[in-house]
Amino acid sequence: MSPPNAGQNSGQNSRLIWIALLVAAVAFLVYRAAFTTPGMSRIYVVDQPVTVSGTLPDGTAQEFSWTVEDEVPLRAFVESQRAIAAGTAAGGAGSPRLSMSRTIGTWFSAFLTLAIFSFLWRDNPLYKLAEAIFIGVSAAYWMVIGFWSVLVPNLIGKLAPATARATVIPGLDEAAEPKFIFLVPLLLGVMLLWRLAPRGQWISRWPLALFIGVFAGLRLVQFFEADFLNQIASGIQPLVAVASEQTISYGESFANIIGVVGTLCCLTYFFFSFEHKGVLGSASRVGIWVLMITFGAMFGYTVMGRIVLLVARIEFLLNDWLWMIDPASNRVVS
Amino acid sequence: MYEFLRTLDRRWIFLLMLIAVTVPTVAGWQFPEKVSRNTQRAFDEIEKLQPGDRVLFSFDFDPASAGELSPMATSLTYHAARRGAKLYFMSLWPVGPQLVRETVAKVIKPEFPEYRYGEDYVDLGYKSGYEAVIKVIVTDFRKLYLTDAAGSGIDTIPMMKDVRSVQDMDLVISISAGYAGAKEWVQYAKTAYPDTFSMVAGCTGVQAPPLLPYVPQQLPGLIAAIKGAAEYEKLLNAKYDLLAKPAFVEGTRRMGSQLVAHVLMVLLIVVGNIVYFIGRRRGVTS
């Protein structure tokens with residue numbers, strides 16, 4: 001018989017073991033990052049200039065320039081430092097440098113990956129934190145992207161091109177004239193947002209009805225053409241495929257027979273006007289088998305997709321974060 | 001043994017899967033690939049390109065599926081550039097442009113330094129609207145695209161001067177992880193204008209079964225999942241001798257872990273079924 005506080009002691013021991021493991025892992029990471037060469041998880045970048053030609057409000061042409069960062073491997077950074085030390089390169093702007101923001105980003109990304117993985121152990125606050133960050137960042141990102149890629153070019157750029165050119169889209173065509181037809185989507189957008197108002201929410205139903213109608217119409221036509229008519233045409237295959245004038249292609253003939261019979265049997269399964277007995281019953285049972293094989297193939301493809309996502313995250317942790325592997329030879333310095 | 005397997009904590013299976021994926025990744029195991037007909041067709045479509053032909057790349061995926069689709073994006077971009085084509089990049093997904101920039105930095109800048117922005121390749125950026133974007137640009141780019149991703153006026157870009165719509169392209173390549181993506185490109189562009197341009201798609205494993213019925217009539221070539229990417233790399237390496245460049249065997253590398261993980265999955269399914277049938281014979285209900 002175990003003592004009355006055995007379970008409590010076991011829980012405390014387990015917690016102590018986990019804390020010890022966590023402290024050891026953090027100590028290892030700090031040591032590896034700070035006291036080894038070349039360290040780990042450092043991101044190097046090089047500034048790339050971007051130039052856009054535009055016009056000022058008074059009509060004079062002007063070039064707008066800024067820089068964006070392109071990631072470069074450690075190898076490029078080391079070679080650049082050596083060239084600078086040897087006096088064969090000047091350094092400064094345009095040469096590779098350590099990006100602290102991206103380095104911190106990599107650490108944060110690794111932390112979030114591990115936090116999400118921790119759900120496999122059990123639900124915990126770290127997982128909840130990572131989940132909340134993901135949802136918050138996604139929503140904010142969509143909002144910002146929506147503003148800059150939809151509202152600015154498609155509304156302001158069309159309704160007031162001169163203002164857009166002078167403020168946010170300097171490269172906009174000088175000959176662009178205001179297109180007042182775009183007041184209609186503006187009005188529809190305002191109507192859609194009306195559902196947030198305390199009264200008159202019914203106003204938002206009108207643009208919603210228009211969107212649903214337009215998309216239903218668009219999809220109906222395209223599905224009918226691409227997925228109905230064309231698929232019927234693709235389904236009609238010769239049951240005896242001839243490779244050349246003398247020979248029959250047995251492999252292709254077999255594939256065509258399977259395709260045609262499988263399609264007919266699957267369609268039979270979904271034919272509910274008669275009881276599935278006799279020939280109809282046999283055909284529908286074959287149809288079920290064909291469907292099951294299809295679902296199996298889909299499951300197989302899905303498993304493959306999910307495993308490769310896991311592989312990519314493991315590669316990220318071992319390669320980009322810990323620098324324990326280097327499959328692309330980015331850190332091989334001669 | 002039966003009781004042990006029946007009550008096995010599922011976290012041991014997670015650990016096994018972690019080991020199955022990590023060991024081949026660390027060891028760098030690679031296995032030979034047999035090229036499927038659909039991948040071969042996709043490769044052949046790009047081989048038909050002549051210098052100066054126009055290729056529209058639609059990066060319809062995000063970082064969540066980049067592990068599966070980035071290898072084929074790398075290979076397809078390299079292949080089209082190697083054929084001397086002019087490359088037009090766009091995206092129907094909001095985070096697609098970052099992946100375009102990543103691919104350009106990985107492929108165009110180091111491998112094709114002679115390629116000039118605006119003359120040989122252009123990044124048109126992201127447009128929201130899903131299939132509505134395709135529906136519009138298939139007849140007129142300028143109704144939606146006033147500038148490129150950086151903000152340069154569309155008419156100031158030399159390689160856009162003679163391009164009015166998607167119909168002016170020779171080939172459309174959609175690298176797609178879902179909606180909107182390859183399916184919508186087939187429905188709204190390729191089916192509507194079947195003879196004006198060719199089309200190739202690369203897709204995730206989840207998306208492959210719904211796209212397969214379009215091959216080859218409506219979709220001449222399809223690279224399906226990471227296996228398709230590995231097959232494409234094999235063809236590309238055989239033709240252009242890229243084996244010395246690790247960036248072009250990313251898919252092949254990831255297939256090493258796939259194989260071991262799949263063997264584990266099969267074993268788990270077999271063992272799970274044996275445990276289930278033994279339990280049923282013994283009358284165990286859960």
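Residues numbered from 1 in each chain as written. Chains lettered and ligands numbered in written order. Predicted model: local features only at pLDDT ≥ 70, side-chain atom pairs only at ≥ 80, totals over all residues. Heavy atoms only, no water.

Visitor: How should the overall build of chain A be read in this particular structure?
Guide: Each helix and strand counted, chain A has nine helices and three strands in total. Listed by position from the N terminus, the elements making up chain A come as α-β-β-α-β-α-α-α-α-α-α-α. For a compact globule of 334 residues, the expected C-alpha radius of gyration is about 20 Å, and chain A comes in at 31 Å, more than 25% above that figure. When the backbone C-alpha atoms are referred to their principal axes, chain A occupies close to 85 × 85 × 65 Å. Counting only residues that meet the buried cut, chain A has 28% of its 334 residues in that class. In the form shown here, chain A has an accessible surface area of approximately 22100 Å², with 71% of it arising from carbon and sulfur atoms. (Helix = DSSP H or I, 4+ residues; strand = E, 2+ residues; numbered from the N terminus. Rg over C-alpha atoms; globule rule 2.2 N^0.38 Å. Buried < 20%, exposed > 50% of the residue type's maximum accessible area, 1.4 Å probe, protein only. Areas by Shrake-Rupley, 256 points an atom, 1.4 Å probe, with all protein chains shown as cover.)

Visitor: Mind showing me how you'd approach the environment of Ser70 of chain B here?
Guide: Residue and element names in this part refer to chain B. Mapped onto the fold, Ser70 is located in helix 4 (residues 63–82). Classification of Ser70 as buried rests on a relative accessible area of 9%. Along the backbone, Ser70 and Glu250 are 180 residues apart, and their C-alpha atoms lie at a distance of 8.6 Å. Beyond its immediate sequence surroundings of up to four residues, Ser70 is in contact with Phe61 and Glu102. (Contact = heavy atoms within 4.5 Å.)

Visitor: Looking at this model, I keep getting lost on the nonpolar core. Mind explaining?
Guide: Nonpolar side chains tend toward joint burial in soluble globular proteins. Formed by 45 residues in total, the largest nonpolar core has its most connected members in Phe57, Phe59, Leu87, Ile173 and Ile175 of chain B. Contributing elements (two or more residues each) for this core: helix 9 (278–321) of chain A together with helix 3 (37–47), strand 1 (54–60), helix 4, strand 2 (86–91), helix 5 (96–111), strand 4 (171–176) and helix 9 (225–240) of chain B. Look past the residues within four positions of Leu87 of chain B in its chain and what remains in contact with it is Val55, Phe57, Thr77, Ala80, Ala81, Ile108, Tyr115, Asp120, Tyr121, Val122 and Met159 of chain B. Counting residues in hydrophobic clusters, the runner-up holds 40 residues, among them Leu124, Phe141, Met160 and Trp185 of chain B. (Core = buried A, V, L, I, M, F, W, Y, C linked by side-chain atoms within 4.5 Å.)

Visitor: Mind showing me how you'd approach the state of the cysteines here?
Guide: Every disulfide links exactly two cysteines, by a covalent bond between their sulfur atoms. In this structure the tally under the stated criterion is zero disulfides over all chains. Its sulfur unpaired, Cys265 of chain A is 7.2 Å from the next cysteine sulfur, which belongs to Cys266 of chain A. (Disulfide = S-S within 2.5 Å.)

Visitor: Mind showing me how you'd approach the sheet that holds strand 3 (residues 121–126) of chain B here?
Guide: By definition, the strands of a sheet pair up through backbone hydrogen bonds, in either a parallel or an antiparallel sense. Residues and elements named next belong to chain B. With respect to topology, six strands assemble into an open sheet ordered 3-2-1-4-5-6, the strand pairing being parallel. Each edge of the sheet is formed by a strand with only one pairing partner; in this case those strands are strand 3 and strand 6 (221–224). Neighbour-to-neighbour, the strand axes of the sheet open up by a mean angle of 15°, direction not taken into account. Where strand 1 lies against strand 2, five bridges are found, and the strand directions are parallel. The residue bridging Phe57 from the neighbouring strand is Phe89, located in strand 2. Relative to the sheet, helix 9 contacts strand 5 (198–203) and strand 6, its axis offset from that of strand 6 by approximately 115°. (Pairing = 2+ DSSP bridges. Axes fitted to C-alpha atoms, helices over the stretch in contact; angles between N-to-C directions.)

Visitor: What am I meant to see in the domain arrangement of chain B here?
Guide: Accessible area lost during the coming together of the parts is what is often quoted as the interface size. Its domain assignment divides chain B into domain 1 (2–28 + 258–285) and domain 2 (37–248). Computed from C-alpha coordinates alone, the two centres of domain 1 of chain B and domain 2 of chain B are separated by 39 Å. (Domains from an automatic or database assignment.)

Visitor: Mind showing me how you'd approach the packing of helix 9 of chain A against helix 9 of chain B here?
Guide: Each packed pair of helices is defined by two parameters, the angle between the axes and the distance between the axes. Between helix 9 of chain A and helix 9 of chain B, the least distance of the axes is 7 Å, while the angle of their chain directions is 75°. By the angle between their directions, the pair helix 9 of chain A and helix 9 of chain B is classed as roughly perpendicular. Facing helix 9 of chain A, whose interface residues are Tyr301, Met304 and Val308 of chain A, helix 9 of chain B presents Ala225, Ile226 and Lys227 of chain B. Of the residues that constitute the contact of helix 9 of chain A with helix 9 of chain B, the class distribution is five nonpolar, no polar and one charged. (Parallel < 35°, antiparallel > 145°, perpendicular 65-115°, else oblique. Nonpolar A, V, L, I, M, F, W, Y, C, P; charged D, E, K, R; others polar.)

Visitor: Looking at this model, I keep getting lost on the interface of chain B and chain A. Mind explaining?
Guide: Taken together, the contact between chain B and chain A spans 63 residues of the former and 55 residues of the latter. Buried surface at the junction of chain B and chain A, both sides included, amounts to about 5000 Å², of which 63% is carbon and sulfur. Our enumeration of links across chain B and chain A arrives at six salt bridges. We note a salt bridge from Arg253 of chain B to Glu315 of chain A, for which the minimum N-O separation is 3.5 Å. Remark: the boundary between chain B and chain A carries 19 residue pairs in polar contact (both at pLDDT 80 or more). Within the residue set of the side of chain B that touches chain A, elements represented by two or more residues are helix 2 (10–27), helix 4, helix 5, helix 6 (131–137), helix 7 (182–190), helix 8 (208–211), helix 9 and helix 10 (250–282) of chain B. Per element, the largest residue contribution to the side of chain B that touches chain A is eight residues, and it comes from helix 2 of chain B. (Buried area = accessible area lost by both parts, 1.4 Å probe. Salt bridge = Lys/Arg side-chain N within 4 Å of Asp/Glu carboxyl O. Polar contact = N/O pair within 3.5 Å; in protein donor to acceptor, adjacent residues only side chain to side chain.)

Visitor: Can you walk me through the pairing of strand 6 of chain B in this structure?
Guide: Where a strand is regular, its side chains alternate between the two sheet faces. Residues and elements named next belong to chain B. Along strand 6, one buried face is formed by Gly221 and Ile223 and the opposite face, lined by Leu222 and Ala224, is buried too. Of the pairings in the sheet, the one linking strand 5 to strand 6 comprises four bridges and is parallel in character. Residue Val200 lies in a different strand from strand 6, and its bridge partner there is Gly221.

Visitor: Is there a simple way to explain the environment of Glu33 of chain B in this structure?
Guide: All names here are of chain B. In this structure, Glu33 sits in the loop between helix 2 and helix 3. Its relative accessible area of 11% is what places Glu33 among the buried residues. It is 9.5 Å that separates the C-alpha atoms of Glu33 and Gly228, two residues lying 195 residues apart in sequence. In contact with Glu33, not counting residues within four places along its chain, are Lys227, Ala230, Glu231, Lys234 and Met255. Here the side chain of Glu33 touches Lys227 through a polar contact of 2.8 Å, side chain to side chain.

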